[in-house]
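What follows is the residue order along each chain.
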Amino acid sequence: MPGLHRYNNAVALDEGATSFEGRLVALIPAHNEAEGILVALEALAAQTRVPDRVIVIADNCDDDTAERARGWGAEVVVTVGNRSKKAGALNQVLATLLTTLLDGDVVLVQDADSFLDEGFIDGGLAALDHDPGLGAVGGTFRGKPAPPGSSWRERLLTHLQDNEYARYARDVRRLRGRCLVVTGTAAMSRAGTLREVSQARMTGRLPAGDGRGGVYDTSVLTEDNELSFAMMTLGRTILAPRGMTLTTEVMPTLRQLSSQRLRWTRGAVENCFQYGFTRVTAGYWGRQALTAVGILVTAVYLTTLVYALAVHAFHLSPFWASLTLVFVLERFVTLKDKGWKAQLTAASMYELPYDLFIQATQARAYAHALFRRTKNW
């Protein structure tokens, strides 16, 4: 088992990077991830501080995800009767795992379609060591390149999502790691914090979730966003430290992208209603309001643009001309991380159709939440 051999050899690397002396357990929920599971596992083996245990949670798989993970040397848990997707799969394992861990031990949860940069875990442990009040730390990410042989449409869509992720990473870095949510791509928490969340669901301090004290709320569309809310409601903070970076899958088609963003936006809105208007959620309510205003401004802007083109031979008013310049500058400045060539290209506003697609999807999500349409994962 060559993967296990490399994994065990890596344990001795850089043990003095942080003062952390507890156990570190990595959980990888995986549904039909045979194609990419070994990449995720090898990235864990290459960490400067590798996990003491790696558990792949094979959830309703009908491929050989479990067999490949076992062949590599990971522990494998196969879910039983889970109908609650990722959140339910994690709850099944955490219900037992947390009884075996001390409060200071750390649990890493990462998606099977993501792979961590080698300093990810050390960065997370250092942040947790530095601030006892942290509930969770997570990463910022880049998009995985489109595979060889992909169509130009898939390559373009991959590129546009990667630009979006680069802007998000820049925003988080400028805020010194302060983030709105610890994303599900990869996050680390102390076992004691996860136990506290579970207990708070049972006592009514937090929404009940599945009613059985599960760490993750299986009733929501965005379990990672809800868990971030839960931790902050309990007085914990969340952070995306600079050194915690990774690569994750992007959506290869517009249909899949639309489905993903509908779930993200609607889930975030419903989490706000779930927790109500509190000191913790006030900023999130404000963000949703700004998003809604942005959609309205874009609609008015495009209407004005079409009117100017059709009636006034493309003569924009000074106000709308200034707003156009602001859009161009925003596209240019916020892509600094990808270099000046990418910045100049972005200033052409070629991303506008993508931005409009995302805004239209967000508007649909608001409508679905307002009219209580049936939730779909």
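Here the structure is shown first, and the text comes after it.
Residues numbered from 1 in each chain as written. Predicted model: local features only at pLDDT ≥ 70, side-chain atom pairs only at ≥ 80, totals over all residues. Heavy atoms only, no water.

Participant: Before we move on, can you summarise the sheet that holds strand β3 (residues 75-78) with the specific residues and values?
Facilitator: Strand pairing within a sheet occurs via backbone hydrogen bonds; the two strands may be parallel or antiparallel. An order of β3-β2-β1-β4-β8-β6-β9 is seen for the seven strands of this open sheet, with the pairing classed as mixed. Unpaired on one side and paired on the other, β3 and β9 (237-239) mark the two borders of the sheet. Recorded for the sheet is a direction-independent mean angle of 20° between the axes of neighbouring strands. With three bridges joining them, strand β6 (residues 134-138) and β9 adopt parallel strand pairing. (Pairing = 2+ DSSP bridges. Helix = DSSP H or I, 4+ residues; strand = E, 2+ residues; numbered from the N terminus. Axes fitted to C-alpha atoms, helices over the stretch in contact; angles between N-to-C directions.)

Participant: I'd like a description of helix α3 (residues 65-72), backed by residues and values.
Facilitator: Of all the residues in α3, the buried ones are Thr65, Ala66, Ala69 and Trp72. Take α3 and look down its axis: the buried residues cluster within an arc of 125°, on one side only. (Buried < 20%, exposed > 50% of the residue type's maximum accessible area, 1.4 Å probe, protein only. Arc of directions from axis to C-beta.)

Participant: Account for the packing of helix α10 (residues 282-311) against helix α13 (residues 352-370), with residues named and values stated.
Facilitator: In contact at an axis separation of 10 Å, α10 and α13 are set at 125° when each is read in the N-to-C sense. One finds that α10 runs oblique with respect to α13. Where α10 crosses over α13, the two elements pack in a sense that is left-handed. Contacts between α10 and α13 involve Gln288, Thr291, Ala292, Gly294, Ile295, Thr298 and Leu302 from the first element and Leu356, Gln359, Gln362, Ala363 and Tyr366 from the second. Its residues assigned to classes, the contact of α10 with α13 comprises six nonpolar, six polar and no charged. (Parallel < 35°, antiparallel > 145°, perpendicular 65-115°, else oblique. Left-handed = near helix turned anticlockwise from the far one by under 90°. Contact = heavy atoms within 4.5 Å. Nonpolar A, V, L, I, M, F, W, Y, C, P; charged D, E, K, R; others polar.)

Participant: Residues and numbers for the environment of Arg364, please.
Facilitator: Tracing the sequence through the fold places Arg364 in helix α13. For the pair Arg364 and Trp285, spaced 79 residues apart in sequence, the C-alpha to C-alpha distance is 18 Å. Reaching out from Arg364, the side chain makes a polar contact with the side chain of Ser258 at a distance of 3.1 Å. (Polar contact = N/O pair within 3.5 Å; in protein donor to acceptor, adjacent residues only side chain to side chain.)

Participant: Explain the packing of helix α8 (residues 223-233) against helix α9 (residues 254-275) residue by residue, including any values.
Facilitator: With their axes 9 Å apart at the nearest point, α8 and α9 run at an angle of 30° to one another. Regarding the angle of α8 to α9, the classification is roughly parallel. The two elements α8 and α9 meet at a crossing, and its hand is right-handed. On α9, the residues touching Asn225, Glu226, Phe229, Ala230 and Thr233 of α8 are Ala268, Asn271, Cys272, Gln274 and Tyr275. Its residues assigned to classes, the contact of α8 with α9 comprises five nonpolar, four polar and one charged.

Participant: Quick rundown of the nonpolar core? Include the residues and the values.
Facilitator: Among the nonpolar cores identified, the biggest contains 38 residues, and Leu27, Leu94 and Tyr216 are the most heavily contacted of them. Only β1 (24-30), β2 (53-58), α4 (85-97), β4 (106-110), α7 (191-203), α8 and α9 provide two or more residues apiece to this core. Of all the elements, α4 adds the most residues to this core, at six residues. What Leu94 contacts, discounting residues up to four positions off in sequence, is Leu27, Val107, Leu194, Val215 and Tyr216. Counting residues in hydrophobic clusters, the runner-up holds 35 residues, among them Leu125, Phe141, Tyr165 and Leu246. (Core = buried A, V, L, I, M, F, W, Y, C linked by side-chain atoms within 4.5 Å.)

Participant: Run through the side chain of Asp59, naming residues and quoting values.
Facilitator: With respect to the element layout, Asp59 can be found in the loop between β2 and α3. It turns out Asp59 is buried and unbridged, and the closest side chain with the opposite charge, Lys85, is 7.2 Å from it. Not counting residues up to four positions away in its chain, the partners in contact with Asp59 are Ala30, His31, Thr79, Asn82, Lys85 and Ala89. (Lys, Arg positive; Asp, Glu negative; His and termini not counted. Salt bridge = Lys/Arg side-chain N within 4 Å of Asp/Glu carboxyl O.)

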